[in-house]
Amino acid sequence: MNTKKKLAPAAAGKGARPARPEDQRLPIGSMFAYGFQHVLTMYGGIIAPPLIIGAAAGMNSQDIGLLIAACLFVGGLATILQTVGIPFFGSQLPLVQGVSFAGVSTMVAIVHGGGGIQAVFGSVIAASLIGLLITPLFSKIIRFFPPVVTGTVITTIGLTLMPVAANWAMGGNNKAPNYGSMANIGLAAATMGIVLLLSKVGSAAISRLSILLAMVLGTLIAVVFGMADFSKVGQGDIVAFPTPFAFGPPTFEVAAIISMLIVILVTLTETSADIIAVGEIVGTKVDSKRIGNGLRADMLSSAVSPLFNSFTQSAFAQNVGLVAITGVKSRFVVSAGGVILVVLGLLPVLGRVVAAVPTPVLGGAGIVLFGTVAASGIRTLSKVDYKNNMNLIVVAASIGFGMIPIAAPTFYDQFPSWFGTIFHSGISSAAVMAILLNLLFNHLRAGNSDNQSVFVAGTERLVRAEDLRCLAEGDRFENGKLIDCDGKEVPVQSAEKASEH
């Protein structure tokens, strides 16, 4: 009987498919609480593009509000598609989708070029459909993303997001009179301190909800000091469904489509990196098929979004940090966040409540979140082998290249627009450089040697083979002197003397 009992579990488990970390199902209350935390984390980012594009198009506040509601609605649908998935579409990973920042400058340029918002929508549709056709090419690059590449990209994602957090902490609007005030920065610091304190609490539930709770407490502090304004929450419609093609039918201009196609290539690169990054954080297998499914979901969502007056969709990097810091890996939590986004898109009054969260509160939480992304990348880079190879220079050059547009935002202003569109993103810059250098040094090995540069020598302590052959058994070093087996000091010839011979 005992033998049978011992064998039963093995027999029952034979052939059973192992559960993936991202497939964990939590109680519905917990799912929506964690999902709402994801929404708060990316809310500022998802409403910024429609604000910028709408202002460039000369829209009034009501029309810009319509754009914002549409972006929330479509972002929610895209998130559900990406996390739940259907055949051939969706990576089934905890990735929040929303309007990509990569295309904002290009869309503003299309608007200013005379095409208007209709040309923007037309270019997004056409370029996204082209992107949908070429996704099989991108899904094959998984073998070119070893830890030296993924770690570099993840680290860069965190570092490039830090200016966003700093701007939020200062107030978000650099034209406001209180931008960078001690009150704003103090509120951000208080929120950050609450995050850290709640993370130390013994309760796992409180620790995992530390970001959400810190935002709530930070907002309450802002209310006490008169730094939060909820007066506009009751203004406007309570329920509003996005009207298809509310700004007229899309127009298709060749130049606009070509410009947007470059944006789509950048979006595909960034989403590939985000899929791999979140797979690394979750601890699940990410193969070319899964990347392809995720990219197709991105492109399908982007192609459909102009129907509801929205723009290109991609994964939000800041939410990758939230997965890392909370340890909640369930994709269904993010699906719940997608449902909340859809509701916010249908109920503008709820969106206005979330919009009332002071920007410095978002900044205080963002510093921890985005720093966690960078720390996750550093953890991945710690697994990389740096001995007798060029991996150190791959990491150094790639991160340095990715930091250029962050340190000097105008660096690429004199470059061709297509080049600037690609490399103005620090994430894309680092990803492209890391992939190319990894190919050059680790795949195209012709010309490689054991002593290629100072970067190789600096990765470990090396002794030349000819030096070892000069040593006899019993030789040793004492107090910086070479002593032979008889206890006598062996003279050491200087490099200058050796060159004379």
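None of the values given here were measured: they were computed from a predicted structure.

**Some points on a nonpolar patch on the surface**
Taken together, the side chains of Ile28, Phe32, Val339, Val343 and Leu350 define a hydrophobic patch exposed on the protein surface, amounting to about 380 Å² of accessible area. Listing elements by their share of the nonpolar patch, those giving two or more residues are helix H2 (28-56) and helix H12 (331-346). With respect to the secondary-structure elements, isoleucine 28 resides in helix H2. A relative accessible area of 60% places isoleucine 28 in the exposed class.

**Re the confidence of the model for the protein**
Here the protein shows a mean pLDDT of 81. Residues at 70 or above account for 86%. Low pLDDT (under 50) marks residues 1-17, which in the prediction has zero contacts with non-local residues, meaning those over four places away or in another chain.

**Things to note about helix H17 (residues 426-443)**
Across its 18 residues, H17 extends 24 Å between first and last C-alpha, which sits within 8% of the 26 Å expected from 1.5 Å per residue. Along H17, the residues classified as buried are Gly426, Ile427, Ser428, Ser429, Ala430, Ala431, Ala434, Ile435, Leu437, Asn438, Phe441 and Asn442.

**Here's the deal with the packing of aromatic side chains**
This model, assessed by the stated rule, comprises seven aromatic pairs. Between phenylalanine 73 and phenylalanine 308 the ring centres are 5.6 Å apart and the planes differ by 65 degrees, which places this aromatic pair in the edge-to-face class. Residue phenylalanine 73 is found in helix H3 (residues 61-84), and its partner phenylalanine 308 is found in the loop between helix H10 (288-304) and strand E2 (313-315); the two are separated by 235 residues along the sequence. Given the relative accessible area of 15%, phenylalanine 308 is considered buried. Ring centres of phenylalanine 121 and phenylalanine 311 lie 5.5 Å apart, and the angle between their planes is 20 degrees; this geometry places the pair in the stacked category. Within this pair, whereas phenylalanine 121 is found in helix H4 (residues 104-138), its partner phenylalanine 311 is found in the loop between H10 and E2, the two being separated by 190 residues in sequence. The pair phenylalanine 121 / phenylalanine 311 is uniform in exposure class, with both members buried.

**Looking at unusual backbone geometry**
Positioned with a positive phi, glutamine 92 is a non-glycine residue whose angle comes to about 55 degrees. Assignment of secondary structure puts glutamine 92 in the loop between H3 and strand E1 (97-99). The class for glutamine 92 is partly exposed, based on a relative accessible area of 24%.

**So, the nonpolar core**
The biggest cluster of nonpolar side chains holds 102 residues, and the ones touching the most others in it are Ile117, Val120 and Phe311. Broken down by element, the residue count for this core peaks at 12 residues, all from helix H9 (residues 254-282). Among residues more than four places away in sequence, those in contact with phenylalanine 311 are Pro50, Ile53, Leu67, Cys71, Val99, Met107, Ile117, Val120, Phe121, Val124 and Ser305.

**Points about the packing of helix H15 (residues 391-407) against H17**
Their axes nearest at 8 Å, the elements H15 and H17 cross at an angle of 160 degrees. Classified by the interaxial angle, the pair formed by H15 and H17 is roughly antiparallel. By crossing handedness, the relation of H15 to H17 is classed as right-handed. On the side of H15, the interface is formed by Asn391, Ile393, Val394, Ala397, Ser398, Phe401, Gly402 and Pro405, while H17 contributes Gly426, Ser429, Ala430, Met433, Ala434, Leu437, Asn438, Phe441 and Asn442. Across the contact of H15 with H17, the residue classes tally to 10 nonpolar, seven polar and no charged.

Definitions and cut-offs
- Residues numbered from 1 in each chain as written.
- Predicted model: local features only at pLDDT ≥ 70, side-chain atom pairs only at ≥ 80, totals over all residues.
- Heavy atoms only, no water.
- Patch = residues over 30% accessible without salt bridge, like charges linked within 9 Å, V, L, I, M, F, W, Y side chains within 5 Å.
- Areas by Shrake-Rupley, 256 points an atom, 1.4 Å probe, with all protein chains shown as cover.
- Salt bridge = Lys/Arg side-chain N within 4 Å of Asp/Glu carboxyl O.
- Helix = DSSP H or I, 4+ residues; strand = E, 2+ residues; numbered from the N terminus.
- Buried < 20%, exposed > 50% of the residue type's maximum accessible area, 1.4 Å probe, protein only.
- pLDDT = per-residue confidence, 0-100.
- Contact = heavy atoms within 4.5 Å.
- Expected span 1.5 Å × (residues − 1).
- Phe/Tyr/Trp six-rings, centres within 6.5 Å; stacked < 30°, edge-to-face > 60°.
- Core = buried A, V, L, I, M, F, W, Y, C linked by side-chain atoms within 4.5 Å.
- Axes fitted to C-alpha atoms, helices over the stretch in contact; angles between N-to-C directions.
- Parallel < 35°, antiparallel > 145°, perpendicular 65-115°, else oblique.
- Left-handed = near helix turned anticlockwise from the far one by under 90°.
- Nonpolar A, V, L, I, M, F, W, Y, C, P; charged D, E, K, R; others polar.

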